[in-house]
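The chain contents come next:
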Amino acid sequence: MTILRIEHNVSLDPYNTLGIAARAHSLLRVRQPSDLQALAEQPRQLERGHLVLGGGSNMVITGDLLALVIKMEIQGRTLVEETDRHWIVQAGAGEVWHDFVAWTLQQGYPGLENLALIPGTVGAAPVQNIGAYGIELQDRFHSLDAIELATGRPFTLDATQCRFSYRDSVFKQKGEGGLAGKAVITQVRFALPKQWRPEIGYLDIERKMAEWGITGPTAQQVFDMVVAIRRAKLPDPAEVGNVGSFFKNPVVSREQCDDIIGRDPHIVHYPMPDGTVKLAAGWLIDACGWRGKSMGNAGVYPKQALVLINRFHETGIRATGGEVMTLAQAIQTSVYERFGIRLEPEPVVV
Ligand code: EPU
């Protein structure tokens, strides 16, 4: 039997970008896939449940954790294959997402530039099919390797098997065939296009191009614009604790949207190909007057109402997960009372 190096009573403060103070009763650092196979040989370690931790950038911790924390630290990034149309690039689940994106561009493989500066790790990216500025992870995804926790069995999934949709994948699904809580991603591969065209249809990018006087941007220029746009309106987790967007953008029927437009003509909405309409949650929250407001040590970011923050940098007292969730619920209630829409949190609450 392989010896598992499990650490006890570990502070999670540096491992969650919201900066909530919490401890893990036990924590396993996974540096190679075989660490997970060794874990499967000792099922007792999983008796109290488990939690997979990547960059901790999509998680609200509401107390000390008794469940085993599985901290993904598998490194490595390589070109594994080259076809006529793509570079297939692989990265370990523990790689920092933004550093990986920057590396692909340095190597001359474009395609991930719109996803620059999204906090978190490579292994967490497919779980919620991260997306920004007109590109979702699924647009560049090739395949991934994962391990079934209970058996230690490795397996590979392609894009169809991952069942990607808006901020969702098989790794979040609990029903038929869902893998939530059952598998851990170890490596992810991306198909980066040789016939690359910039994805610049997004309003913020159009504005930035005009501002910088760029017409046909290179991938590196798109990367630089996305970094500048995000820095201007999203807080840096190293300075202000946050988990990016706190709620998903809700999708409603055309009728429901028309009804709201009747009352609020300025509502920001995006018609979807299937006839539904996506609403900007940030706008809804802002319209309810929450931008810049706070409750205890949790607050709403003044430049983007969709982002909830830990006010530790202002108050010197760390917000608890409970305080953040109290604020989130108050926001949900006012958006529901005014618009009849239930906002769904994006991060995992543990
Ligand atoms: N808006 C307001 N007030 C606010 C915030 C936003 O009126 O306080 C309006 C904006 O003016 C804009 C609209 O709402 O017209 C949408 O805002 P934005 O362009 O900032 O994008 P978003 O819908 O809030 C989504 C993603 C982000 C991603 C951006 C850019 C979700 C939940 N969020 O935000 O993803 O970076 O688009 O593509 O889909 C994340 O998931 O953590 C994340 C940051």
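Here's a quick rundown of the structure.

About the criteria used
Throughout, residues of each chain are indexed from 1 in the direction in which the sequence is written. Only residues with pLDDT of 70 or above have their local features reported here, since the model is predicted, and side-chain atom pairs are shown and tallied only from 80 upward, although totals for entire chains, interfaces and linings are computed over all residues. Values shown for side chains rest on all heavy atoms present in the structure; no hydrogens or waters enter the calculation. Segments assigned H or I by DSSP are reported as helices when at least four residues long, segments assigned E as strands when at least two residues long, and all are numbered from the N terminus. A helix is expected to span 1.5 Å for every residue after the first. For the exposure calls, accessible area comes from a 1.4 Å probe over protein chains only, and a residue counts as buried if that area is under 20% of its type's maximum, exposed if over 50%, partly exposed in between. The criterion for strand pairing is that DSSP finds at least two bridges linking the strands in question. By disulfide we mean two sulfur atoms from cysteines, separated by a distance within 2.5 Å. In these notes, residues near a molecule or strand are those with any non-hydrogen atom within 4 Å of it. Two N or O atoms form a polar contact when they lie within 3.5 Å of each other; inside protein one atom must be a possible hydrogen donor and the other a possible acceptor, and for residues adjacent in sequence the pair counts only when both atoms belong to side chains. For the area figures, the Shrake-Rupley method with a 1.4 Å probe applies, and any residue is considered shielded solely by the protein chains shown. Residue polarity follows a fixed list, in which Ala, Val, Leu, Ile, Met, Phe, Trp, Tyr, Cys and Pro are nonpolar, Asp, Glu, Lys and Arg are charged, and the others, Gly among them, are polar. Counted as salt bridges are all cases of a side-chain nitrogen of Lys or Arg within 4 Å of a carboxyl oxygen of Asp or Glu. Fitted lines through C-alpha atoms give the axes, limited to the stretch in contact for helices. The angle between two N-to-C directions lies from 0 to 180 degrees. The scheme is simple: roughly parallel for angles under 35 degrees, roughly antiparallel for over 145, roughly perpendicular for 65 to 115, oblique for anything else. Here a crossing is called left-handed whenever its near helix is offset anticlockwise from the far helix by less than a right angle, and right-handed whenever the offset is clockwise. Here a residue-residue contact requires only that any non-hydrogen atoms of the pair lie within 4.5 Å.

Observations concerning helix 9 (residues 321–339)
Moving on, step 1. The first and last C-alpha atoms of helix 9 sit 26 Å apart over 19 residues, in line with the 27 Å expected at 1.5 Å per residue.
Moving on, step 2. Within helix 9, burial applies to Gly321, Val324, Met325, Leu327, Ala328, Ile331, Ser334, Val335 and Phe339.

Describing the sheet that holds strand 15 (residues 269–271)
Moving on, step 1. Taken together, three strands build an open sheet; the order of strands is 14-16-15 and the sheet is antiparallel. Every interior strand has two partners, whereas the edge strands, strand 14 (251–252) and strand 15, have only one.
Moving on, step 2. Pairing geometry for strand 14 and strand 16 (residues 277–279), over two bridges, is antiparallel. Looking across to strand 16, one finds that Val252 is bridged to Val277.

Quick notes on the state of the cysteines
Moving on, step 1. For the coordinates displayed, the defined rule picks out zero disulfides.
Moving on, step 2. In this model Cys257 remains outside any disulfide bridge; the closest cysteine sulfur is found in Cys288, 16 Å from its own.
Moving on, step 3. In this structure Cys257 comes out as buried when scored by relative accessible area, which is 1%.

Quick word on the site of the ligand
Moving on, step 1. Surveying the vicinity of the ligand reveals 23 residues, the closest of which are Tyr133, Tyr166, Asp286, Gln304 and Ala305.
Moving on, step 2. Taking Arg167, its side chain carries an N or O atom lying 2.8 Å from an oxygen atom of the ligand.
Moving on, step 3. When the free accessible area of the ligand is taken as 820 Å², the share hidden by the protein chains comes to 83%.
Moving on, step 4. For the shell around the ligand, the elements supplying multiple residues, two or more each, are strand 8 (131–132), helix 5 (219–233), strand 13 (242–245) and helix 7 (281–287).
Moving on, step 5. Examining the composition of the shell around the ligand, we find that three residues originate from one element, helix 7, more than from any other.
Moving on, step 6. Grouping the constituent residues of the shell around the ligand by class yields 11 nonpolar, six polar and six charged.

Points about the pattern of salt bridges
Moving on, step 1. Overall, the coordinates contain 18 salt bridges when judged by the stated rule.
Moving on, step 2. A salt bridge links Glu211 to Lys208; its shortest N-O distance comes to 3.3 Å. In this pair, Glu211 and Lys208 are both assigned in helix 4 (residues 203–212), three residues apart and thus about one turn of the helix distant.
Moving on, step 3. Classification of Glu211 by relative accessible area gives exposed; the value is 58%.
Moving on, step 4. Of the charged contacts in the structure, one is a salt bridge between Asp286 and Arg291, with a shortest N-O distance of 3.0 Å.
Moving on, step 5. Accessibility expressed as a relative area gives 28% for Asp286, which makes it partly exposed.
Moving on, step 6. Beyond isolated ion pairs, a larger network of salt bridges with shared partners links Glu7, Arg29, Arg31, Lys71 and Glu73.

Quick notes on the pairing of strand 11 (residues 154–158)
Moving on, step 1. Alternating positions in strand 11 separate cleanly, Phe155 and Leu157 being buried on one face and Pro154, Thr156 and Asp158 remaining unburied on the opposite face.
Moving on, step 2. Taken together, the five bridges between strand 10 (residues 141–148) and strand 11 define a ladder with antiparallel strand orientation. Within the sheet, the bridge partner assigned to Leu144 lies in strand 11 and is Leu157.
Moving on, step 3. Hairpin geometry of strand 10 and strand 11 is characterised by an intervening segment of five residues between the two adjacent antiparallel strands and by a positive phi of about 80 degrees at Gly152.

Regarding the packing of helix 2 (residues 97–107) against helix 5
Moving on, step 1. Where helix 2 contacts helix 5, the axes come no closer than 10 Å and their chain directions differ by 155 degrees. Taken together, the axis directions place helix 2 and helix 5 in an arrangement best described as roughly antiparallel. Our pair here, helix 2 against helix 5, has a crossing hand that is left-handed. Within the contact between the two elements, helix 2 uses His98, Val101, Ala102 and Leu105 and helix 5 uses Ala219, Gln220, Phe223 and Val227.
Moving on, step 2. Of the residues contributing to the contact of helix 2 with helix 5, the split by class is six nonpolar, two polar and no charged.

Points about the sheet that holds strand 1 (residues 6–11)
For sheets, the rule is that strands pair by backbone hydrogen bonds, running either parallel or antiparallel.
Moving on, step 1. What the four strands build is an open sheet, ordered 1-2-5-3; its pairing is mixed. Every interior strand has two partners, whereas the edge strands, strand 1 and strand 3 (50–53), have only one. Put simply, the sheet's adjacent strands are angled 35 degrees from each other on average, direction ignored.
Moving on, step 2. Bridge count between strand 3 and strand 5 (residues 68–72): four bridges; the pairing is parallel. Counted as the bridge partner of His50 is Leu68 from strand 5.
Moving on, step 3. The sheet strands contacting helix 1 (residues 33–40) are strand 2 (23–30) and strand 5, and the helix crosses strand 2 at an angle near 125 degrees.

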